[in-house]
Amino acid sequence: MLPHFSSLRPKTKGEALTYLSDLDRAKLLAGGTDLLVRMKRGESHDYLIDITAIEELSGAVLNGGRIRVGAGTTHRSLSLSPLVLESARSLAQAASWIGSPQIRTMGTIGGNLVNASPAADSIPPLLVHDALLTLESMDGERTERVEDFIIAPYTTTTTGREMLTALSLEPLPAYEEGYRRVAKRAAWAISRLGIAWSILEQEGTFADVRLAIGSCTPLPFRARKVERFLTGRKREIAVTREAVKICLDEIRRISGERPSFTYKLPVVRDLLQAILGGR
Amino acid sequence: MKSISFTLNGKKVASEVDDDELLLATLRERFSLKSVKEACSIGECGVCTVLIDDEPHYSCLTLASKVDGRDVKTVEFMGDMDMLHPLQESFIAHGAVQCGYCTPAMLLVGYSLLLKHRQPTEAQIREAMSGNLCRCTGYIQIIEAIRDAAPFFKSQAKD
(Lines give C-alpha, C1' and ligand atoms only; values in the text may rest on other atoms or scores of the structure.)
Protein backbone atom coordinates (compact mmCIF):
# COMPACT_ATOMS: atom_id res chain seq x y z
CA MET A 1 0.00 0.00 0.00
CA LEU A 2 1.10 3.50 -0.81
CA PRO A 3 1.11 5.88 2.19
CA HIS A 4 -1.16 8.90 1.74
CA PHE A 5 0.26 12.09 0.25
CA SER A 6 -0.80 15.24 -1.56
CA SER A 7 0.46 15.65 -5.09
CA LEU A 8 1.26 18.67 -7.22
CA ARG A 9 1.84 18.79 -10.92
CA PRO A 10 3.69 21.99 -11.87
CA LYS A 11 4.04 22.97 -15.52
CA THR A 12 7.18 25.07 -15.08
CA LYS A 13 10.52 24.71 -13.34
CA GLY A 14 9.93 27.91 -11.37
CA GLU A 15 6.66 26.61 -10.01
CA ALA A 16 8.32 23.33 -8.95
CA LEU A 17 11.17 25.19 -7.19
CA THR A 18 8.64 27.36 -5.35
CA TYR A 19 6.85 24.26 -4.06
CA LEU A 20 10.17 22.73 -3.01
CA SER A 21 11.08 25.83 -1.11
CA ASP A 22 7.68 26.36 0.54
CA LEU A 23 6.60 22.84 1.44
CA ASP A 24 8.07 20.67 4.15
CA ARG A 25 8.41 16.92 3.70
CA ALA A 26 8.09 17.26 -0.06
CA LYS A 27 9.79 15.05 -2.63
CA LEU A 28 10.19 15.34 -6.38
CA LEU A 29 8.52 12.60 -8.41
CA ALA A 30 9.83 11.85 -11.90
CA GLY A 31 9.21 8.43 -13.49
CA GLY A 32 8.24 6.92 -10.13
CA THR A 33 9.90 3.60 -10.90
CA ASP A 34 12.13 3.84 -7.82
CA LEU A 35 10.38 6.35 -5.54
CA LEU A 36 6.89 4.81 -5.65
CA VAL A 37 8.35 1.35 -5.08
CA ARG A 38 10.19 2.63 -2.00
CA MET A 39 7.02 4.36 -0.78
CA LYS A 40 5.03 1.13 -1.15
CA ARG A 41 7.66 -0.34 1.16
CA GLY A 42 7.16 2.33 3.78
CA GLU A 43 9.00 5.53 2.82
CA SER A 44 6.63 8.46 3.28
CA HIS A 45 6.40 12.07 2.14
CA ASP A 46 3.61 14.59 2.71
CA TYR A 47 3.88 16.01 -0.80
CA LEU A 48 5.00 14.61 -4.10
CA ILE A 49 5.86 17.18 -6.75
CA ASP A 50 5.34 15.42 -10.07
CA ILE A 51 7.77 17.07 -12.49
CA THR A 52 6.88 15.05 -15.59
CA ALA A 53 4.67 17.81 -17.03
CA ILE A 54 7.57 20.30 -17.15
CA GLU A 55 8.55 20.37 -20.81
CA GLU A 56 11.76 22.37 -20.34
CA LEU A 57 13.24 19.46 -18.33
CA SER A 58 13.08 17.09 -21.26
CA GLY A 59 15.26 16.51 -24.32
CA ALA A 60 18.89 16.43 -25.47
CA VAL A 61 20.32 19.31 -27.53
CA LEU A 62 23.71 20.64 -28.55
CA ASN A 63 24.31 23.85 -26.64
CA GLY A 64 27.56 25.86 -26.58
CA GLY A 65 29.64 22.90 -27.74
CA ARG A 66 28.24 20.50 -25.12
CA ILE A 67 25.28 18.13 -25.02
CA ARG A 68 22.62 19.48 -22.72
CA VAL A 69 20.30 16.77 -21.41
CA GLY A 70 17.23 17.74 -19.42
CA ALA A 71 17.04 15.78 -16.16
CA GLY A 72 13.51 14.70 -17.03
CA THR A 73 14.55 13.02 -20.27
CA THR A 74 13.42 9.40 -20.26
CA HIS A 75 15.80 6.49 -20.82
CA ARG A 76 13.82 5.65 -23.92
CA SER A 77 14.23 9.06 -25.54
CA LEU A 78 17.96 9.07 -24.68
CA SER A 79 18.38 5.68 -26.34
CA LEU A 80 16.69 6.98 -29.49
CA SER A 81 18.18 10.49 -29.65
CA PRO A 82 20.27 10.91 -32.85
CA LEU A 83 22.52 13.41 -31.04
CA VAL A 84 23.20 11.04 -28.13
CA LEU A 85 23.71 8.08 -30.48
CA GLU A 86 26.21 10.13 -32.48
CA SER A 87 28.15 11.91 -29.73
CA ALA A 88 27.61 9.91 -26.52
CA ARG A 89 26.93 6.42 -27.77
CA SER A 90 27.70 4.67 -24.46
CA LEU A 91 24.90 6.66 -22.80
CA ALA A 92 22.38 5.72 -25.50
CA GLN A 93 23.39 2.06 -25.17
CA ALA A 94 23.24 2.06 -21.38
CA ALA A 95 19.83 3.74 -21.49
CA SER A 96 18.54 1.07 -23.86
CA TRP A 97 19.32 -1.65 -21.30
CA ILE A 98 17.91 -0.09 -18.14
CA GLY A 99 15.05 -2.05 -16.58
CA SER A 100 12.35 -3.03 -19.04
CA PRO A 101 10.62 -1.19 -21.92
CA GLN A 102 8.03 0.22 -19.51
CA ILE A 103 10.73 1.35 -17.06
CA ARG A 104 12.61 3.05 -19.91
CA THR A 105 9.47 4.87 -21.04
CA MET A 106 8.71 6.07 -17.52
CA GLY A 107 12.10 6.47 -15.82
CA THR A 108 14.34 9.50 -16.30
CA ILE A 109 18.08 10.07 -16.30
CA GLY A 110 17.73 12.60 -13.48
CA GLY A 111 15.78 10.16 -11.35
CA ASN A 112 18.37 7.47 -11.98
CA LEU A 113 21.17 9.82 -10.88
CA VAL A 114 19.44 11.14 -7.78
CA ASN A 115 18.63 7.57 -6.76
CA ALA A 116 22.43 6.96 -7.00
CA SER A 117 22.44 3.19 -7.11
CA PRO A 118 26.02 1.90 -7.41
CA ALA A 119 24.70 -0.31 -10.24
CA ALA A 120 22.99 2.50 -12.20
CA ASP A 121 23.82 1.90 -15.85
CA SER A 122 23.72 5.60 -16.73
CA ILE A 123 26.62 6.60 -14.47
CA PRO A 124 29.69 5.10 -16.24
CA PRO A 125 28.77 6.81 -19.56
CA LEU A 126 28.29 10.12 -17.73
CA LEU A 127 31.75 9.74 -16.16
CA VAL A 128 33.26 9.13 -19.60
CA HIS A 129 31.68 12.36 -20.87
CA ASP A 130 32.79 14.44 -17.86
CA ALA A 131 29.18 15.22 -17.09
CA LEU A 132 28.37 18.37 -15.15
CA LEU A 133 25.09 18.55 -13.29
CA THR A 134 22.99 21.66 -12.77
CA LEU A 135 21.15 21.82 -9.46
CA GLU A 136 18.66 24.61 -8.91
CA SER A 137 16.74 25.96 -5.95
CA MET A 138 15.02 29.23 -5.07
CA ASP A 139 18.39 30.34 -3.67
CA GLY A 140 20.19 29.90 -6.96
CA GLU A 141 22.00 27.44 -9.08
CA ARG A 142 25.13 25.32 -8.72
CA THR A 143 27.11 23.06 -11.01
CA GLU A 144 28.72 19.86 -9.85
CA ARG A 145 30.70 17.09 -11.50
CA VAL A 146 28.90 13.76 -11.50
CA GLU A 147 31.73 12.11 -9.50
CA ASP A 148 31.36 14.71 -6.77
CA PHE A 149 27.55 14.49 -6.77
CA ILE A 150 27.32 10.86 -5.70
CA ILE A 151 29.10 10.62 -2.36
CA ALA A 152 28.13 7.11 -1.28
CA PRO A 153 25.81 4.39 -2.56
CA TYR A 154 22.27 5.87 -2.67
CA THR A 155 23.57 9.20 -1.32
CA THR A 156 24.12 12.46 -3.21
CA THR A 157 24.94 16.04 -2.27
CA THR A 158 21.42 17.33 -3.06
CA THR A 159 19.49 19.06 -0.36
CA GLY A 160 15.75 18.43 -0.24
CA ARG A 161 15.15 21.96 -1.58
CA GLU A 162 17.11 21.47 -4.78
CA MET A 163 16.18 20.02 -8.13
CA LEU A 164 18.57 18.39 -10.58
CA THR A 165 17.51 20.16 -13.76
CA ALA A 166 20.10 19.38 -16.42
CA LEU A 167 23.24 17.50 -17.34
CA SER A 168 25.96 18.77 -19.61
CA LEU A 169 28.13 16.26 -21.46
CA GLU A 170 31.23 16.62 -23.57
CA PRO A 171 30.37 15.33 -27.05
CA LEU A 172 32.89 12.81 -28.41
CA PRO A 173 31.68 12.15 -31.96
CA ALA A 174 35.02 11.00 -33.43
CA TYR A 175 35.60 8.41 -30.69
CA GLU A 176 35.05 4.66 -30.66
CA GLU A 177 32.56 4.33 -27.91
CA GLY A 178 30.25 1.92 -26.17
CA TYR A 179 28.85 0.41 -23.00
CA ARG A 180 28.92 -3.24 -22.09
CA ARG A 181 27.35 -4.81 -19.09
CA VAL A 182 27.11 -8.17 -17.49
CA ALA A 183 23.86 -9.10 -15.77
CA LYS A 184 22.07 -12.31 -14.87
CA ARG A 185 19.67 -11.87 -17.77
CA ALA A 186 18.98 -9.26 -20.44
CA ALA A 187 15.81 -7.64 -19.09
CA TRP A 188 14.99 -6.38 -15.65
CA ALA A 189 18.38 -7.23 -14.33
CA ILE A 190 20.67 -5.19 -12.14
CA SER A 191 24.11 -4.89 -13.71
CA ARG A 192 26.80 -6.97 -12.05
CA LEU A 193 29.37 -5.07 -14.03
CA GLY A 194 29.25 -2.22 -16.51
CA ILE A 195 32.05 -0.64 -18.56
CA ALA A 196 31.72 2.54 -20.60
CA TRP A 197 34.54 3.53 -22.89
CA SER A 198 35.47 6.17 -25.38
CA ILE A 199 38.69 5.79 -27.36
CA LEU A 200 40.34 8.09 -29.86
CA GLU A 201 42.96 6.27 -31.92
CA GLN A 202 45.34 8.13 -34.23
CA GLU A 203 47.77 6.26 -36.49
CA GLY A 204 47.73 3.16 -34.31
CA THR A 205 48.27 5.10 -31.11
CA PHE A 206 45.89 5.82 -28.23
CA ALA A 207 45.40 9.58 -28.51
CA ASP A 208 42.76 9.74 -25.77
CA VAL A 209 41.17 7.00 -23.67
CA ARG A 210 38.32 7.23 -21.22
CA LEU A 211 37.16 4.25 -19.19
CA ALA A 212 34.52 4.11 -16.48
CA ILE A 213 33.59 1.01 -14.54
CA GLY A 214 30.36 0.50 -12.61
CA SER A 215 29.06 -2.12 -10.15
CA CYS A 216 32.57 -3.25 -9.24
CA THR A 217 33.64 -0.75 -6.60
CA PRO A 218 31.34 1.02 -4.07
CA LEU A 219 30.91 3.86 -6.57
CA PRO A 220 31.37 3.77 -10.34
CA PHE A 221 34.83 5.21 -11.15
CA ARG A 222 36.97 6.54 -13.97
CA ALA A 223 40.08 4.38 -14.40
CA ARG A 224 42.33 7.42 -14.79
CA LYS A 225 45.56 5.54 -14.05
CA VAL A 226 44.83 3.24 -16.97
CA GLU A 227 43.87 6.18 -19.18
CA ARG A 228 47.16 7.97 -18.40
CA PHE A 229 49.15 4.81 -19.05
CA LEU A 230 47.54 4.25 -22.44
CA THR A 231 47.62 7.81 -23.78
CA GLY A 232 50.38 8.13 -26.39
CA ARG A 233 51.14 4.39 -26.44
CA LYS A 234 50.73 2.08 -29.43
CA ARG A 235 47.50 0.16 -29.66
CA GLU A 236 48.99 -3.30 -29.43
CA ILE A 237 48.48 -6.36 -27.32
CA ALA A 238 51.49 -5.93 -25.02
CA VAL A 239 50.28 -2.44 -24.12
CA THR A 240 46.63 -3.33 -23.60
CA ARG A 241 47.55 -6.36 -21.46
CA GLU A 242 49.60 -4.11 -19.19
CA ALA A 243 46.70 -1.61 -19.06
CA VAL A 244 44.26 -4.32 -18.02
CA LYS A 245 46.59 -5.36 -15.21
CA ILE A 246 46.83 -1.76 -13.97
CA CYS A 247 43.04 -1.59 -13.99
CA LEU A 248 42.58 -4.77 -11.94
CA ASP A 249 45.16 -3.53 -9.41
CA GLU A 250 43.25 -0.26 -9.18
CA ILE A 251 39.95 -2.06 -8.51
CA ARG A 252 41.61 -4.12 -5.74
CA ARG A 253 43.15 -0.97 -4.27
CA ILE A 254 39.73 0.75 -4.11
CA SER A 255 37.63 -2.18 -2.88
CA GLY A 256 40.04 -4.62 -1.24
CA GLU A 257 39.55 -8.28 -2.11
CA ARG A 258 35.86 -9.18 -2.43
CA PRO A 259 34.35 -12.66 -2.64
CA SER A 260 32.68 -11.66 -5.93
CA PHE A 261 36.05 -10.81 -7.48
CA THR A 262 36.82 -14.47 -8.22
CA TYR A 263 34.11 -14.11 -10.83
CA LYS A 264 34.14 -10.42 -11.60
CA LEU A 265 37.78 -9.66 -12.21
CA PRO A 266 38.31 -12.25 -14.98
CA VAL A 267 35.24 -10.77 -16.65
CA VAL A 268 36.65 -7.24 -16.31
CA ARG A 269 39.94 -8.54 -17.72
CA ASP A 270 38.37 -10.12 -20.81
CA LEU A 271 35.95 -7.26 -21.46
CA LEU A 272 38.69 -4.64 -21.16
CA GLN A 273 41.04 -6.63 -23.34
CA ALA A 274 38.35 -6.83 -26.02
CA ILE A 275 37.46 -3.12 -25.70
CA LEU A 276 41.05 -1.86 -25.78
CA GLY A 277 41.91 -4.25 -28.58
CA GLY A 278 39.04 -2.80 -30.61
CA ARG A 279 37.10 -6.05 -30.78
CA MET B 1 -8.81 15.51 -5.25
CA LYS B 2 -7.94 16.38 -8.81
CA SER B 3 -10.17 16.66 -11.85
CA ILE B 4 -8.70 14.97 -14.87
CA SER B 5 -9.98 14.40 -18.37
CA PHE B 6 -8.42 12.04 -20.85
CA THR B 7 -9.20 9.73 -23.73
CA LEU B 8 -9.92 6.20 -22.53
CA ASN B 9 -10.22 3.49 -25.15
CA GLY B 10 -11.18 6.06 -27.75
CA LYS B 11 -13.74 7.97 -25.66
CA LYS B 12 -13.31 11.29 -23.88
CA VAL B 13 -13.77 10.75 -20.14
CA ALA B 14 -13.44 12.86 -17.00
CA SER B 15 -12.95 11.84 -13.40
CA GLU B 16 -12.14 13.08 -9.95
CA VAL B 17 -9.09 11.26 -8.63
CA ASP B 18 -7.30 11.33 -5.28
CA ASP B 19 -3.90 13.01 -5.08
CA ASP B 20 -2.24 9.70 -4.26
CA GLU B 21 -4.36 7.55 -6.55
CA LEU B 22 -2.59 5.19 -8.92
CA LEU B 23 -3.81 4.84 -12.49
CA LEU B 24 -4.30 1.13 -11.83
CA ALA B 25 -6.93 1.92 -9.18
CA THR B 26 -8.64 4.56 -11.33
CA LEU B 27 -9.05 2.15 -14.23
CA ARG B 28 -10.20 -0.79 -12.13
CA GLU B 29 -12.36 0.97 -9.56
CA ARG B 30 -13.69 4.08 -11.30
CA PHE B 31 -13.96 2.69 -14.83
CA SER B 32 -14.47 -1.02 -14.00
CA LEU B 33 -11.72 -2.08 -16.39
CA LYS B 34 -10.79 -5.32 -14.67
CA SER B 35 -8.46 -6.40 -17.45
CA VAL B 36 -5.85 -4.22 -15.78
CA LYS B 37 -4.35 -6.49 -13.14
CA GLU B 38 -2.19 -5.99 -10.10
CA ALA B 39 0.31 -8.61 -9.04
CA CYS B 40 3.81 -7.58 -7.96
CA SER B 41 2.90 -3.86 -7.47
CA ILE B 42 6.52 -2.80 -8.01
CA GLY B 43 6.87 -2.72 -11.79
CA GLU B 44 8.39 -6.12 -12.41
CA CYS B 45 5.62 -8.43 -13.62
CA GLY B 46 3.96 -6.17 -16.19
CA VAL B 47 0.34 -7.32 -15.70
CA CYS B 48 -0.73 -3.75 -14.87
CA THR B 49 0.55 -2.47 -18.25
CA VAL B 50 -1.62 0.04 -20.10
CA LEU B 51 -0.80 2.18 -23.11
CA ILE B 52 -0.36 5.90 -22.57
CA ASP B 53 -0.11 7.64 -25.95
CA ASP B 54 0.37 4.12 -27.36
CA GLU B 55 3.48 3.40 -25.24
CA PRO B 56 3.40 0.70 -22.51
CA HIS B 57 3.47 2.02 -18.93
CA TYR B 58 3.14 0.27 -15.57
CA SER B 59 -0.13 1.60 -14.16
CA CYS B 60 0.85 0.39 -10.66
CA LEU B 61 3.63 3.03 -10.63
CA THR B 62 1.79 5.85 -12.42
CA LEU B 63 -0.20 8.52 -10.64
CA ALA B 64 -3.67 8.90 -12.14
CA SER B 65 -3.16 12.66 -12.46
CA LYS B 66 -0.36 12.03 -14.97
CA VAL B 67 -2.78 10.96 -17.71
CA ASP B 68 -4.67 14.25 -17.71
CA GLY B 69 -5.05 15.25 -21.38
CA ARG B 70 -3.51 12.05 -22.69
CA ASP B 71 -4.65 8.90 -24.48
CA VAL B 72 -5.03 5.71 -22.43
CA LYS B 73 -5.75 2.29 -23.85
CA THR B 74 -6.52 -1.00 -22.12
CA VAL B 75 -7.22 -4.30 -23.85
CA GLU B 76 -10.92 -3.38 -24.00
CA PHE B 77 -9.90 -1.04 -26.82
CA MET B 78 -8.90 -3.92 -29.05
CA GLY B 79 -11.96 -6.09 -29.47
CA ASP B 80 -15.03 -7.50 -27.78
CA MET B 81 -16.74 -10.87 -27.49
CA ASP B 82 -18.54 -10.37 -30.81
CA MET B 83 -15.46 -9.41 -32.75
CA LEU B 84 -12.00 -10.02 -31.45
CA HIS B 85 -9.03 -8.05 -32.73
CA PRO B 86 -6.78 -10.00 -35.17
CA LEU B 87 -3.99 -9.92 -32.58
CA GLN B 88 -6.35 -11.55 -30.08
CA GLU B 89 -7.34 -14.16 -32.69
CA SER B 90 -3.66 -14.84 -33.27
CA PHE B 91 -3.07 -15.38 -29.53
CA ILE B 92 -5.85 -17.97 -29.50
CA ALA B 93 -4.62 -19.67 -32.68
CA HIS B 94 -1.11 -20.03 -31.22
CA GLY B 95 -2.16 -21.21 -27.77
CA ALA B 96 -0.57 -18.06 -26.38
CA VAL B 97 -3.16 -17.91 -23.60
CA GLN B 98 -3.23 -20.37 -20.75
CA CYS B 99 -4.30 -18.98 -17.38
CA GLY B 100 -4.86 -15.62 -19.08
CA TYR B 101 -3.66 -13.39 -16.27
CA CYS B 102 -0.78 -11.83 -18.23
CA THR B 103 -2.69 -11.80 -21.52
CA PRO B 104 -4.30 -8.31 -21.55
CA ALA B 105 -0.88 -6.73 -20.92
CA MET B 106 0.87 -9.00 -23.42
CA LEU B 107 -1.69 -8.01 -26.05
CA LEU B 108 -1.06 -4.33 -25.34
CA VAL B 109 2.73 -4.57 -25.63
CA GLY B 110 2.27 -6.54 -28.85
CA TYR B 111 -0.17 -3.94 -30.15
CA SER B 112 2.18 -1.06 -29.32
CA LEU B 113 5.11 -2.84 -31.00
CA LEU B 114 3.14 -3.58 -34.17
CA LEU B 115 2.05 0.05 -34.43
CA LYS B 116 5.74 1.06 -34.52
CA HIS B 117 7.25 -1.86 -36.41
CA ARG B 118 5.09 -3.32 -39.12
CA GLN B 119 7.41 -6.30 -39.55
CA PRO B 120 9.25 -6.78 -36.25
CA THR B 121 12.18 -9.15 -35.93
CA GLU B 122 12.04 -11.84 -33.26
CA ALA B 123 14.60 -9.82 -31.26
CA GLN B 124 12.29 -6.78 -31.36
CA ILE B 125 9.32 -8.87 -30.22
CA ARG B 126 11.33 -10.36 -27.36
CA GLU B 127 12.55 -6.92 -26.36
CA ALA B 128 9.03 -5.49 -26.40
CA MET B 129 7.79 -8.35 -24.17
CA SER B 130 10.73 -8.21 -21.78
CA GLY B 131 8.86 -6.14 -19.17
CA ASN B 132 6.06 -8.70 -18.89
CA LEU B 133 6.13 -12.08 -17.19
CA CYS B 134 4.14 -15.14 -18.22
CA ARG B 135 4.38 -18.19 -16.00
CA CYS B 136 2.38 -20.57 -18.25
CA THR B 137 3.22 -20.46 -21.92
CA GLY B 138 7.00 -20.33 -22.02
CA TYR B 139 6.68 -17.22 -24.23
CA ILE B 140 7.31 -18.89 -27.61
CA GLN B 141 3.61 -19.02 -28.43
CA ILE B 142 3.23 -15.33 -27.58
CA ILE B 143 6.19 -14.37 -29.78
CA GLU B 144 4.69 -16.35 -32.68
CA ALA B 145 1.23 -14.89 -32.11
CA ILE B 146 2.57 -11.33 -32.26
CA ARG B 147 4.72 -12.07 -35.32
CA ASP B 148 1.83 -13.65 -37.21
CA ALA B 149 -0.51 -10.73 -36.51
CA ALA B 150 1.91 -8.31 -38.18
CA PRO B 151 0.34 -8.52 -41.68
CA PHE B 152 -2.93 -7.10 -40.28
CA PHE B 153 -1.12 -4.04 -38.89
CA LYS B 154 0.82 -3.69 -42.12
CA SER B 155 -2.36 -3.56 -44.17
CA GLN B 156 -3.72 -0.92 -41.76
CA ALA B 157 -0.62 1.24 -42.07
CA LYS B 158 -1.14 4.80 -43.12
CA ASP B 159 2.52 5.36 -43.96
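Keep in mind that what you see is a predicted model, and the values were worked out from it rather than measured. Numbering of residues begins from 1 in every chain and follows the order in which that chain's sequence is written. Here chains are named by letter from A upward and ligands by number from 1 upward, in the order in which they appear as written. With the structure being a predicted model, the display of local features is reserved for residues of pLDDT at least 70 and the display and counting of side-chain atom pairs for 80 or more, all residues being used for whole-chain, interface and lining totals.

Quick look at the sheet that holds strand S1 (residues 6–8) of chain A
Residues and elements named next belong to chain A. Taken together, three strands build an open sheet; the order of strands is S1-S3-S2 and the sheet is parallel. Single-partner strands in this sheet number two, and they are S1 and strand S2 (26–29). The sheet shows a mean angle of 25° between the axes of neighbouring strands, taken without regard to direction. Pairing between strands is defined by DSSP: at least two bridges between the two strands are required. Numbering goes from the N terminus for both helices and strands, where a helix is a DSSP run of H or I of at least four residues and a strand is a run of E of at least two. Both S2 and strand S3 (residues 47–50) contribute to a ladder of four bridges, which runs parallel. Bridged to Lys-27 within S3 is Leu-48. Contacting S1, S2 and S3, helix H1 (residues 13–22) runs over the sheet at an angle of about 165° to S3. Axis lines are fitted to C-alpha atoms, over the contacting stretch for helices. Their N-to-C directions set the angle, which ranges from 0 to 180 degrees. We call two residues in contact when the distance between their C-beta atoms, placed using the backbone, is within 7 Å.

Thoughts on the interface of chain A and chain B
Between chain A and chain B, the residue contacts involve 22 residues of the former and 22 residues of the latter. For the side of chain A that touches chain B, the elements supplying multiple residues, two or more each, are S1, helix H2 (35–40) and helix H6 (101–106) of chain A. Looking at the side of chain A that touches chain B element by element, the count peaks at five residues for H6(A). Throughout, the ten residues Ala, Val, Leu, Ile, Met, Phe, Trp, Tyr, Cys and Pro are labelled nonpolar, Asp, Glu, Lys and Arg are labelled charged, and all others, Gly among them, are labelled polar. Of the residues belonging to the side of chain A that touches chain B, the class tally is ten nonpolar, nine polar and three charged.

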